[in-house]
Amino acid sequence: MDLLSANDQPGAYPPSYYAARATPLPRFPAAAGAISCDVCVIGGGFTGLSAAWHLAKRGYDVVLVEASRVGFGASGRNGGQVGMGQRRAQDELEAMVGEGPARALWDLSLQSVDLVKSLASKPEIHADFHAGIAHAFHRSRYSEHEARYIDFLQAAYNYSHISFLNREKMCDYVKSPLYHGGSLDQGAGHIDPLELALGLARLAVQSGARIFEGTKVTRIEKTTPARVTTNAAEITASHVLLACNGYLGGLEPKVSARVMPINNYIAATRPMAPAEQDALIKDNIAVADSKFVVNYFRFSDDHRLLFGGTESYGYRFPVDIAAKVRRPMEQVFPQLKGIEITHAWGGTLAITMTRMPHFERVAGNILSCSGYSGHGLAMGTLAGQIAADAIAGHAERFDLMASVPTPRFPGGATLRWPLLVLAMLWYGLRDRL
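Bear in mind that the values here come from a model prediction, so they are computed numbers and not experimental data.

Rules behind the numbers
- Residues numbered from 1 in each chain as written.
- Predicted model: local features only at pLDDT ≥ 70, side-chain atom pairs only at ≥ 80, totals over all residues.
- Heavy atoms only, no water.
- Buried < 20%, exposed > 50% of the residue type's maximum accessible area, 1.4 Å probe, protein only.
- Helix = DSSP H or I, 4+ residues; strand = E, 2+ residues; numbered from the N terminus.
- Arc of directions from axis to C-beta.
- Contact = heavy atoms within 4.5 Å.
- Expected span 1.5 Å × (residues − 1).

1. Some details on helix 13 (residues 396-403)
Burial in helix 13 covers these residues: R397, F398, L400 and M401. All buried residues of helix 13 fall inside an arc of 160° around its axis, so they share one side. Structurally, helix 13 contributes buried residues whose contacts are with helix 5 (99-120), strand 16 (358-363), strand 17 (366-370) and helix 12 (376-391).

Here it is as structure tokens:
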């Protein structure tokens, strides 16, 4: 199944709140004929656009090809949460890769959030960064572990921006009967993701990168230089960066064996008065909860609740996405029962077995960065900078990320999805019990 066209109109943004309000870019042309460049970037999301910008600033001749529109995929559809840390907790990473590499991975996460904050201050990025993400527990038994973990971050990593919330404090921030406590990270935050992606495209073009939309790559020849075949062009490039994430398909089997696409869904309510917003979430923070099928939500700048979550057991989007998302939204906030939903959309992200990103040197001159597992806004943007450094001959950060184990999914491409569905059914049942 071609996920680029399975659920979306080719060449068009989804019916999302973000797309409805974004400051649009003129459509870039499709690539045609023979093209040569220093670097061909495949994929116009956070990673690809960030890489194109950082490489063009260095003086490289960069061609970025996007099968649909820049910011079309998960980069322009996600919950907008700019999370601190990696997708796995630091104590888990220390057990996985050792204390030294785990600390270096923590430093990368700090750099990723700083990069997004600095981008938000640029006039090309038509979006503000808002501080604060709460991690809300739907089980009281999680609180003791979270309190210990916060102490660990504060003592071992000198991270003072995170604090523990007991049930009373959590209810003060998030007016929901569902949560028993959690934490608040003021170093993290949220931003409009599509505006961030479009702003990165503006920066890349201003720096000299060439962007082509409606240009689907069909084959990569791992030669020196590499040859990238599209639906209407032949691109010769000294280096290639694969930045396709959930839309990679079969373009590079070595990566797709370790990176699997999944779908998720978001709905936007009608605008609320500021008092209505404060009666649901205090201080305009974002929230993600502890369920396996995570609920995540925040308010837009015009006071709409943007609520994401719900499981999906097929690659086709549900017929009525709004109804699908409404159920968990009204479980979290019963006071919103029957509220008008103005936009509802789905998107395709990519996960790995370890939930850590998968960085790989596919060939000597071909790199790949993907598999952000729902934690890709900041890390995906930094990944573009890291890939640009590696292409320029400074691969220390790329090699660190590539050293993190990301095993193949059991059963290969044929069985990985059915196995995930079984896992989601089991953990989804645990969430509800």
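Resuming the write-up.
2. Thoughts on the side chain of S112
You can see S112 is positioned in helix 5. Under the relative-accessibility criterion, S112 is labelled buried at 0%. With sequence-adjacent residues up to four places away left out, S112 is seen in contact with A378, M379 and L382.

3. Some details on helix 6 (residues 143-156)
Taking 1.5 Å as the rise per residue, helix 6 with 14 residues should run 20 Å; its terminal C-alpha atoms sit 20 Å apart, in good agreement. For helix 6, every residue scored as buried is listed here: S143, E146, Y149, I150 and L153. One face of helix 6 carries all of its buried residues, which in axial projection span an arc of 120°. Turned more than 90 degrees off the buried face of helix 6, the exposed positions are E144 and A155. Those residues of helix 6 that are buried lie in contact with helix 4 (90-97), helix 5, strand 4 (130-136), strand 5 (162-165) and strand 6 (182-190). Just downstream of helix 6 lies N158, where phi reads positive at about 55°.

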